[in-house]
Amino acid sequence: MKNEMENDIKKVLYPEDVIKSRLEELGEALSNDYAGKNPLVLCVLKGASIFIADIVRHMAVSLQMDFMAVSSYEGTSSTGEVRIVKDLEASVEGRDILIVEDIVDTGLTLSYLVNQLKSRNPASVNICALLLKKKNDPSTQRMVDVKYVGFECPDEFVVGYGLDFNEKYRNLPYIGVLKEEMYS
Ligand code: 5GP
């Protein structure tokens, strides 16, 4: 059956099979780096929910999962203000933390989160992002280091595979660029 959201998509950037094979590679790197460390893998809700469900199944190590929600975006633009909407349940002290995020643009959301987590004395904090937005202007400084990256994507508004526009399109199995007329 044709996906009824398909007409809203301008182009597909990463089809399902491409995401799947990239996740296998990422999972292998993560498995090697976190072997024997029992990391606390943090999902930043809601965008990373589909990514985390898939990536942890490619991590061949014992791990714990927890969920956090922050908000900084409304529609297609950042409000510039980050709020913790849901905090963690697990203790961070002494743990190796892996933050799993859907997409890093300016890095504002994650730099806030990393600072919050570091104040709770973890053993380490690293970021695994499915997408890192390429910046055309080389003078643009990203506010965080992203150690594990799925894809460097074009600087366009993308949806699917967990990423939404006004809570829609998260369940698209691929990642695509939304047609401008959908949000203009
Ligand atoms: P940053 O703080 O790095 O500028 O933005 C990160 C957050 O903004 C992401 O977690 C995501 O929720 C949202 N975001 C940034 N770019 C996009 C995009 O192209 N599409 C969607 N759906 N969300 C985005």
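First, a word on what this report is: a plain description of the structure on this page. Computed from a predicted structure; not experimentally measured. (Residues numbered from 1 in each chain as written. Predicted model: local features only at pLDDT ≥ 70, side-chain atom pairs only at ≥ 80, totals over all residues. Heavy atoms only, no water.)

1. Some details on the sheet that holds strand 8 (residues 158-159)
And step 1. Strands sit in the order 1-9-8 across an open sheet of three strands; the sheet is antiparallel. Strand pairing shows two members of the sheet lacking a second neighbour, strand 1 (9-14) and strand 8, which therefore form its edges. (Pairing = 2+ DSSP bridges. Helix = DSSP H or I, 4+ residues; strand = E, 2+ residues; numbered from the N terminus.)

2. Points about the packing of aromatic side chains
And step 1. Counting across every chain of the model gives two aromatic pairs.
And step 2. A centroid spacing of 6.1 Å and a plane angle of 80° characterise the contact between Phe-157 and Phe-165, whose relative ring orientation is edge-to-face. Comparing Phe-157 with Phe-165 shows no difference in burial state: the two are buried. (Phe/Tyr/Trp six-rings, centres within 6.5 Å; stacked < 30°, edge-to-face > 60°. Buried < 20%, exposed > 50% of the residue type's maximum accessible area, 1.4 Å probe, protein only.)

3. Regarding unusual backbone geometry
And step 1. Of note, the amide linkage connecting Leu-45 to Lys-46 takes the cis form, showing an omega dihedral of -10°.
And step 2. Relative to the assigned elements, Lys-46 resides in the loop between strand 2 (40-45) and helix 2 (49-55).
And step 3. Although it is not a glycine, Asn-166 adopts a positive phi angle of roughly 45°.
And step 4. With respect to the element layout, Asn-166 can be found in the loop between strand 8 and strand 9 (175-178).
And step 5. The exposure class of Asn-166 is exposed, given its relative accessible area of 51%.

4. Some details on the site of the ligand
And step 1. Taken together, 16 residues sit near the ligand, with Thr-106, Gly-107, Thr-109, Val-158 and Asp-164 positioned nearest.
And step 2. Here an oxygen atom of the ligand and a backbone polar atom of Leu-108 are 3.4 Å apart.
And step 3. Burial of the ligand by the protein chains amounts to 91% of its free accessible area of 520 Å².
And step 4. Counting residues per element, the ones that place at least two in the shell around the ligand are strand 5 (96-104) and helix 3 (108-118).
And step 5. Top element by residues in the shell around the ligand is strand 5. It accounts for four residues.
And step 6. Considered class by class, the residues forming the shell around the ligand number seven nonpolar, three polar and six charged. (Near = heavy atom within 4 Å. Polar contact = N/O pair within 3.5 Å; in protein donor to acceptor, adjacent residues only side chain to side chain. Areas by Shrake-Rupley, 256 points an atom, 1.4 Å probe, with all protein chains shown as cover. Nonpolar A, V, L, I, M, F, W, Y, C, P; charged D, E, K, R; others polar.)

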